Amino acid sequence: MSLHAYQKNSLIADYLRGGIGFAVTAFPVVFAPMMGTFQIIFALISLVFAGFLLKTWLRAQTRVEVADEGIRTLGPFGKSIAWPDLTAMELRYYSTQKDKAKGWMHLVLKGGDGAKITIESTLDGFDTVLEHAAAAAGRNGVALNQTTTENLAAAGVSMGLAAGDR
Amino acid sequence: MLTYLIRRILIMIPTLIAISIITFVIIQLPPGDYLTTMINEMQSQGENVDQSKIEALRAQYGLDRPMYEQYFLWATGLLRGDYGYSFEYQLPVADVVGDRVFLTFVLNFATILFIWAVAFPIGIYSACNQYSLTDYGLTFVGFIGLATPNFLLALILLYLANIWFGTSIGGLMDPQYLDQPWSMAKALSVLEHLWVPVVVIGTSGTAAMIRRLRANLLDELQKQYVITARAKGLPPFRALMKYPLRMSLNPFIADIGNMLPQVISGSAVVSMVLSLPTTGPMLIGALQSQDMYLAGSFLMFLALLTVIGMFVSDLLLALLDPRIRLGGGANR
């Protein structure tokens with residue numbers, strides 16, 4: 001069993017992103033005279049930044065526990081999925097650069113009871129989580145879309161092999 | 001996806017600020033200002049120029065202030081909906097522009113829809129029937145469209161409409177609706193006139209898009225997963241729609257950002273030929289006469305459209321194809 005948390009550096013960077021974005025968009029709404037349409041647009045964008053700040057705080061509070069039996073998130077809105085119950089897995093990759101460099105991954109796991117766990121690659125030990133999830137998906141015969149298959153291959157993870165067998 | 005959205009918005013904010021600064025500096029770069037141009041014109045016509053009046057006007061329009069101060073006033077004014085004052089028309093920019101921004105948006109949106117509506121089925125057909133007679137025919141038509149300058153096509157259509165139908169197809173509405181408030185009859189008149197500039201501006205874009213979609217779809221159709229899907233008996237239509245088409249749609253979406261400024265800048269010349277009441281001809285006039293606030297507002301509008309177009313296309317691409325590009329250096 002292993003316990004993982006999100007990297008401090010990435011959390012600080014996200015707090016900064018959310019804080020700067022919120023300040024830049026909320027400040028003019030409150031203090032600067034603006035046209036009505038712009039006011040609505042800026043207010044909506046500032047809400048998105050506020051949501052991101054909340055999400056970052058939730059990530060900071062979350063710990064991910066990976067064991068041979070399953071995966072569990074500890075903290076607010078904690079959930080668990082036993083590996084034999086894993087019914088869906090999706091691995092996406094995002095990057096804001098044109099050459100798709102310096103991006104990050106987004107792993108979504110779904111259990112039979114509707115439980116859904118979302119993990120970003122800034123989690124310490126993301127590789128371990130990915131290997132366990134891919135092995136479970138392989139064992140359970142989970143159908144993966146082409147994007148997930150290609151991203152797993154690019155990440156060097158094979159399906160159907162238990163983490164310890166690799 | 002929220003993280004992606006946030007990072008993308010954070011890129012947009014400094015981009016727009018940088019564009020606004022660059023736009024303002026470029027407008028100010030030519031020596032002199034609007035008043036200098038006006039004085040030169042008056043002197044060339046032999047008229048006397050009262051220097052004290054000119055100085056008073058310069059002070060009134062804020063042209064005697066430092067550039068950064070002028071920029072700050074203009075930029076904050078944009079947020080308040082005050083786009084500045086047009087020296088040439090002696091009116092606020094918002095009043096001068098009137099319906100032009102809206103009509104430009106309608107024209108360019110219709111053009112993009114036209115490009116997609118035509119390129120999409122032809123591109124798919126050409127890829128699925130490679131080297132057939134129809135494929136060659138459509139490719140030929142596509143190349144003709146690509147090779148014909150827009151303004152030439154506009155002139156040919158104007159000539160043909162005049163010779164064959166005895167009508168003028170210039171303008172975006174019948175003359176009696178110009179400067180009139182919006183009504184159903186005016187909207188219908190716009191729709192009636194819209195097809196000509198849409199076809200003229202859209203033809204070259206359509207041809208390019210057909211070629212790109214055809215090439216991308218051909219690449220996908222030759223991949224192993226498509227062969228496997230066919231070998232396992234998946235109906236050809238489903239085997240086409242399920243993944244290959246989805247993957248080959250990337251250039252469609254990636255082009256939204258590039259297409260907006262291309263279509264708008266391309267439509268400026270066509271707008272002059274077809275006498276369209278869009279932003280293009282007015283922008284060119286404003287740049288020639290150094291009507292800085294009018295030109296600056298137009299350029300900011302174009303930049304804003306470009307940045308929003310890129311933003312939308314990047315979001316759609318991230319939704320549609322969140323894959324690693326090998327060699328892209330994924331940071332895990």
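Residues numbered from 1 in each chain as written. Chains lettered and ligands numbered in written order. Predicted model: local features only at pLDDT ≥ 70, side-chain atom pairs only at ≥ 80, totals over all residues. Heavy atoms only, no water.

Enquirer: Before we move on, can you summarise the overall build of chain B with the specific residues and values?
Expert: Counting its secondary structure elements, chain B contains 15 helices and two strands. Based on the C-alpha atoms only, the size of chain B along its principal axes is roughly 85 × 65 × 35 Å. For chain B, the residues scored as buried account for 42% of the 332 residues in total. The long-range fraction of contacts in chain B, counting pairs at least 24 apart against all pairs at least 6 apart in sequence, stands at 76%. Looking at chain B as shown, the accessible area adds up to about 17200 Å², and 66% of this sits on carbon and sulfur atoms. In chain B, which carries 20 positive and 21 negative side-chain charges, the distance between the mean positions of the two groups comes to 22 Å. (Helix = DSSP H or I, 4+ residues; strand = E, 2+ residues; numbered from the N terminus. Buried < 20%, exposed > 50% of the residue type's maximum accessible area, 1.4 Å probe, protein only. Contact = heavy atoms within 4.5 Å. Areas by Shrake-Rupley, 256 points an atom, 1.4 Å probe, with all protein chains shown as cover. Lys, Arg positive; Asp, Glu negative; His and termini not counted. Charge placed at Lys NZ, Arg CZ, Asp CG, Glu CD.)

Enquirer: So what's going on with the environment of A:A143? Which residues, and what values?
Expert: Residue and element names in this part refer to chain A. With respect to the helices, strands and loops of the structure, A143 is situated in the loop between α3 (126–140) and α4 (146–154). With a relative accessible area of 73%, A143 lands in the exposed category. Here the alpha-carbon distance between A143 and E90, two residues 53 residues apart in the chain, equals 9.8 Å.

Enquirer: Break down a nonpolar patch on the surface for me, with residues and values.
Expert: All names here are of chain B. Taken together, the side chains of I17, I21, I22, V25, I26, L29 and M67 make up a nonpolar region of the molecular surface, amounting to roughly 620 Å² of accessible area. Tallying contributions element by element places helix α1 (residues 2–28) first for the nonpolar patch, with five residues. By the element assignment, M67 lies in helix α4 (residues 67–80). Classification of M67 as partly exposed rests on a relative accessible area of 38%. (Patch = residues over 30% accessible without salt bridge, like charges linked within 9 Å, V, L, I, M, F, W, Y side chains within 5 Å. Salt bridge = Lys/Arg side-chain N within 4 Å of Asp/Glu carboxyl O.)

Enquirer: Pulling in residues and values, what's your account of the sheet that holds strand β2 (residues 63–66) of chain A?
Expert: Residue and element names in this part refer to chain A. Taken in spatial order, the four strands line up as β1-β2-β3-β4 in an open sheet, and their pairing is antiparallel. The sheet terminates laterally at β1 (2–5) and β4 (80–82), the two strands that pair on one side only. Pairwise comparison of adjacent strand axes, ignoring direction, gives a mean angle of 15° for this sheet. Pairing analysis gives four bridges linking β1 to β2, with the strands arranged antiparallel. If you follow H4 over to β2, its bridge partner there is V64. (Pairing = 2+ DSSP bridges. Axes fitted to C-alpha atoms, helices over the stretch in contact; angles between N-to-C directions.)

Enquirer: Can you break down the pairing of strand β7 (residues 116–120) of chain A residue by residue, with the values?
Expert: Across five bridges, strand β6 (residues 104–111) of chain A lies against β7(A) in antiparallel orientation. The residue of β7(A) that forms the bridge with A:L109 is A:I117.

Enquirer: Which residues make up unusual backbone geometry, and what are the values?
Expert: All names here are of chain B. Of note in this structure, Y131 is not a glycine but carries a positive phi near 65°. Within the secondary structure, Y131 is located in the loop between α6 (100–128) and α7 (133–147). The exposure class of Y131 is exposed, given its relative accessible area of 55%. With a phi close to 55°, S275 is a non-glycine residue in the positive phi region. Mapping S275 onto the fold places it in the loop between α13 (250–273) and α14 (279–288). The class for S275 is exposed, based on a relative accessible area of 53%.

Enquirer: How would you summarise the nonpolar core if you had to cite specific residues and measurements?
Expert: Counting residues in hydrophobic clusters, the biggest one holds 31 residues, and the most contacted among them are A:I71, A:M89, A:L107, A:L109, A:I119 and A:L130. Elements with a minimum of two residues in this core: β2, β5 (86–94), β6, β7 and α3 of chain A. Those residues in contact with A:I119, other than ones at most four positions away along the chain, are A:Y6, A:V64, A:I71, A:M105, A:H106, A:L107, A:F126 and A:V129. Within the second largest apolar cluster, 24 residues are counted, among which are B:L35, B:F87, B:V96 and B:M282. (Core = buried A, V, L, I, M, F, W, Y, C linked by side-chain atoms within 4.5 Å.)

Enquirer: Give a description of the packing of aromatic side chains that names residues and reports values.
Expert: Going through the model one piece at a time under the given rule, you end up with 10 aromatic pairs over all chains. Ring plane angle 55° and centroid distance 6.3 Å describe the contact between B:Y71 and B:W74, whose orientation is recorded as tilted. Placement of both B:Y71 and B:W74 in helix α4 is noted, with a separation of three residues, approximately one turn of the helix. When the centroid spacing of 5.9 Å and the interplanar angle of 10° are considered together, the rings of B:F105 and B:F109 count as stacked. Of this pair, B:F105 and B:F109 are both found in helix α6, four residues apart, which corresponds to roughly one turn of the helix. Assessed through its relative accessible area of 47%, B:F109 is described here as partly exposed. An aromatic cluster is built from A:Y94, A:W104 and B:Y4, whose rings are joined through pairwise contacts. The ring of A:W104 has B:R7 sitting right over it, with the charged end atom 4.2 Å from the ring centre. (Phe/Tyr/Trp six-rings, centres within 6.5 Å; stacked < 30°, edge-to-face > 60°. Lys NZ or Arg CZ within 6 Å of the ring centre and 35° of its normal.)

Enquirer: How would you explain the interface of chain B and chain A if you had to name every residue and give the values?
Expert: On the chain A side, the residues contacting the 34 residues of chain B number 41 residues. Between chain B and chain A, roughly 3400 Å² of surface is buried when both sides are summed, and carbon and sulfur atoms account for 64% of that area. Applying the counting criterion to the chain B and chain A interface returns zero salt bridges. For the side of chain B that touches chain A, the secondary structure elements donating two or more residues are α1, α4 and α15 (292–320) of chain B. Broken down by element, the side of chain B that touches chain A gets its largest block of residues, 11 residues, from α1(B). Looking at the side of chain B that touches chain A residue by residue, the classes come out as 21 nonpolar, five polar and eight charged. (Buried area = accessible area lost by both parts, 1.4 Å probe. Nonpolar A, V, L, I, M, F, W, Y, C, P; charged D, E, K, R; others polar.)

Enquirer: A description of the side chain of B:N150 should follow, citing residues and the corresponding values.
Expert: All names here are of chain B. Tracing the sequence through the fold places N150 in helix α8 (residues 150–165). Here N150 falls in the buried class, since its relative accessible area comes to 17%. Setting aside its immediate chain neighbours within four residues, N150 contacts V200, I201, S204 and V270.

Enquirer: Outline the sheet that holds β6(A), supporting the account with residue identities and numerical values.
Expert: Residues and elements named next belong to chain A. Taken in spatial order, the three strands of this open sheet run β5-β6-β7, and their pairing is antiparallel. Here the strands that pair on one side only, and so sit at the sheet edges, are β5 and β7. On average, each strand axis in the sheet is tilted by 15° relative to the strand beside it, whichever way the strands run. Here α4 sits on the sheet in contact with β5 and β6, set at roughly 70° to β5.

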